[in-house]
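Architecture at a glance
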Amino acid sequence: MKNCDQFRDLIEAYALGALDPEDRAAVEAHLATGCADCAKAVEEARWLVCQLAYTAPEAAPSDMLKGRLMQTVRAEAQSQAKPHVIPGKSVVPFWLWAGVAALLVFSIYSAWNTRRLIGEIREANERAAALNIERQKIEEQLADAKRQATIMMDPASHKIALWGEHAHPETLEAKWHSQLGVCIMGEKVPMPSANHVLQVWFIPKKEGAPPMPSAMVRPDANGKLMLYVSAPPESMDNTKAIAITEEPAGGSGWPTTPILWSGNVT
Amino acid sequence: MFLAAFTSSGPREVSPDATLLLRLLHKDVSAFEQLYDRHSRLVYGLVLRILQQASTSEEVVQDVFLQLWRNADQYDAARGPFVPWLCTMARNRALDHLRLKSERQRRREDQPEELPSVIVAPDYEKALDEKRRAERVRALMASLTPQQKKAIELAYFEGLSHSEIAAALKEPLGTVKSWIRNGLLRLKEGLQATT
């Protein structure tokens, strides 16, 4: 009890909140030990201190304060009277969320599918363009073949024998159609050197005029040669002869090797 | 917990406040208004005495009554009377306001803001109406020595500690402690004698 006695003098001031920090800490430490007598004394002292509120002169707050309070309280009471909505949960029904989700998935799929279709259409267009080019090439080849056949068959075509020079005894034959061009053909034609081609030259009648370079060809593996010149000189009358030389691949602007075959046009 | 106030046997009768507080638990706006009408003058007078400024005092009183409205379930009617609990909440709020503008804030920095614990009435306490109780307390305070009264008022209404009161009154610390303790004991004896 002696221990309690030293705190009993502080109990009223403790309830009043007037103790300095050290004294307050000491009282609280003692109360924390579970002293029932002192705890009861503190409760009584608190009640006693509360009576001091009556010593303050009573005063009436403004009517506006009561108005504000009642407005707030009524609003809160009404909001609590409404159907309780669980915080964090949406008032939007589940089926609507499901619909939105399905629409979202469908939109994403549609966008992806559209992009895929656009890609496929672009690839199809590219394939169609390539096929068109191929078709045009085939048509041109077919037209050339028709022109060559016409040149070969038409009696109006002028036949020119191209005699081999030096070690080329084989004779080639050219047919010149005044409108369709010149065809040159032969068999057992020796293969030119690697990276070389056989190039056709049109030799003008005019004295001192340079030979006109023309088409190039390599015979096939069997030595068969077929060459079509679609754009020979405009007039056979101005052409003295046709000659063939071996030239580097890509052709030359001027003959660089001896003539292998040649034949007079007239 | 709350219903215990109506079922416990004892000399104390069920007070009007207990009935109103029970209705307040069910968010009865009318009960709240009646509680406000019964106690707002006492609460406002106390807060105004502490803060000495009408507008700030009304803010604090509004906070106190809104706290009561929103947290009525935290008041345990079975353990103590309502008015001391309400006044303790109002005093704590007002002193907190006062300390925000004061260097004395350090004294309660470590105390979290919370509702006051229940104020238990002593055995000698009898139910009295507020008017009679106020008259009796004021009369007893008037009977104290001026120094006792001054020291207690500085502690209660301004939240000063023993040493702060000693400094304010330029009196020895031990003397101030005696004034406060003896004044409160005399007040207690007076209340016991007249109930």
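Okay, so let's go over this structure. In this text the structure is predicted, and so the values were computed from the model without any measurement. (Residues numbered from 1 in each chain as written. Chains lettered and ligands numbered in written order. Predicted model: local features only at pLDDT ≥ 70, side-chain atom pairs only at ≥ 80, totals over all residues. Heavy atoms only, no water.)

**Some words on the interface of chain B and chain A**
Listed per partner, the contact involves 63 residues of chain B and 42 residues of chain A. If you look at where chain B meets chain A, you find nine salt bridges. With its nearest N and O atoms 3.5 Å apart, the salt bridge here joins Glu 44 of chain A to Lys 188 of chain B. Where chain B meets chain A, there are 20 residue pairs in polar contact (both at pLDDT 80 or more). Of all the elements in the fold, those that place two or more residues in the side of chain B that touches chain A are α3 (29-51), α4 (54-70), α5 (82-100), α6 (130-142), α7 (146-158), α8 (162-169) and α9 (173-194) of chain B. (Contact = heavy atoms within 4.5 Å. Salt bridge = Lys/Arg side-chain N within 4 Å of Asp/Glu carboxyl O. Polar contact = N/O pair within 3.5 Å; in protein donor to acceptor, adjacent residues only side chain to side chain. Helix = DSSP H or I, 4+ residues; strand = E, 2+ residues; numbered from the N terminus.)

**A few points about the pattern of salt bridges**
Counting across every chain of the model gives 19 salt bridges over all chains. In this structure, the salt-bridge partner of Glu 139 of chain A is Arg 135 of chain A, at a minimum N-O distance of 2.5 Å. Here Arg 135 of chain A and Glu 139 of chain A lie together in helix α5 (residues 94-153), a separation of four residues that amounts to about one turn. Exposure remark for Glu 139 of chain A: the relative accessible area of 41% places this residue in the partly exposed category. Given the relative accessible area of 39%, Arg 135 of chain A is considered partly exposed. For Asp 63 of chain B, the salt bridge identified is with Arg 93 of chain B, shortest N-O distance 3.9 Å. Of the two residues, Asp 63 of chain B sits in helix α4 while Arg 93 of chain B sits in helix α5, which places them 30 residues apart along the sequence. With a relative accessible area of 22%, Arg 93 of chain B lands in the partly exposed category. (Buried < 20%, exposed > 50% of the residue type's maximum accessible area, 1.4 Å probe, protein only.)

**Considering the side chain of Glu 247 of chain A**
Residue and element names in this part refer to chain A. Examined against the element boundaries, Glu 247 turns out to sit in strand β7 (residues 239-248). Put simply, Glu 247 is tucked away with no salt bridge, and the nearest opposite charge, on Arg 218, sits 12 Å away. A polar side-chain atom of Glu 247 sits 2.7 Å from a polar atom in the side chain of Thr 245. Every residue in contact with Glu 247, bar those within four places of it in the chain, is listed here: Asn 195, His 196, Val 197, Gln 199, Trp 201, Ser 252, Trp 254, Pro 255, Thr 256 and Thr 257. (Lys, Arg positive; Asp, Glu negative; His and termini not counted.)

**Observations regarding the packing of helix α4 (residues 63-81) of chain A against α3 of chain B**
The geometry of α4 of chain A relative to α3 of chain B is characterised by a closest axis approach of 10 Å and an angle of 155° between their N-to-C directions. When the axes of α4 of chain A and α3 of chain B are compared, the pair comes out roughly antiparallel. Considering the relative orientation of α4 of chain A and α3 of chain B, their crossing is right-handed. Contacts between α4 of chain A and α3 of chain B involve Leu 65, Lys 66, Leu 69, Met 70, Val 73, Arg 74 and Ala 77 of chain A on the former and, on the latter, Val 29, Phe 32, Glu 33, Tyr 36 and Asp 37 of chain B. When its residues are assigned to classes, the contact of α4 of chain A with α3 of chain B shows eight nonpolar, no polar and four charged. (Axes fitted to C-alpha atoms, helices over the stretch in contact; angles between N-to-C directions. Parallel < 35°, antiparallel > 145°, perpendicular 65-115°, else oblique. Left-handed = near helix turned anticlockwise from the far one by under 90°. Nonpolar A, V, L, I, M, F, W, Y, C, P; charged D, E, K, R; others polar.)

**Structural notes on the sheet that holds strand β5 (residues 212-217) of chain A**
Residue and element names in this part refer to chain A. Strand order in the open sheet formed by eight strands is β5-β4-β7-β8-β1-β2-β3-β6, and the pairing between neighbours is antiparallel. Sheet topology places β5 and β6 (225-229) at the edges, where each strand pairs with a single neighbour. Averaged over all pairs of adjacent strands, the angle between strand axes in this sheet comes to 20°, irrespective of strand direction. Alignment of strand β1 (residues 158-164) against strand β8 (residues 259-264), held across two bridges, turns out to be antiparallel. Within β8, the residue paired with Gly 164 across the bridge is Trp 261. Here α5 sits on the sheet in contact with β2 (172-177), β3 (181-186) and β6, set at roughly 80° to β3. (Pairing = 2+ DSSP bridges.)

**A look at helix α2 (residues 16-24) of chain B**
Listed as buried for α2 of chain B are Asp 17, Ala 18, Leu 20, Leu 21 and Leu 24 of chain B. Within α2 of chain B, the buried residues cover an arc of 165° as seen down the axis, which keeps them to one side. (Arc of directions from axis to C-beta.)

**A word on the nonpolar core**
Ranked by size, the top nonpolar core spans 80 residues in total, and within it Leu 16 and Leu 52 of chain A together with Phe 65 and Phe 82 of chain B carry the most contacts. Every residue in contact with Phe 65 of chain B, bar those within four places of it in the chain, is listed here: Leu 69 of chain A together with Phe 32, Leu 35, Tyr 36, His 39, Ser 40, Val 43 and Leu 86 of chain B. The next biggest cluster of nonpolar side chains, apart from the first, holds 20 residues, and it includes Val 182, Leu 198, Leu 227 and Ile 242 of chain A. (Core = buried A, V, L, I, M, F, W, Y, C linked by side-chain atoms within 4.5 Å.)

**Observations regarding α4 of chain B**
Helix length check: α4 of chain B, at 17 residues, gives a terminal C-alpha distance of 24 Å against a target of 24 Å (1.5 Å per residue), a fit within 8%. Buried residues of α4 of chain B: Thr 56, Ser 57, Glu 58, Val 60, Val 61, Gln 62, Val 64, Phe 65, Leu 66, Leu 68 and Trp 69 of chain B, and no others. Elements that come into contact with the buried residues of α4 of chain B comprise α4 of chain A together with α2, α3 and α5 of chain B. (Expected span 1.5 Å × (residues − 1).)

Purely spatial values, then, with no claim about function.
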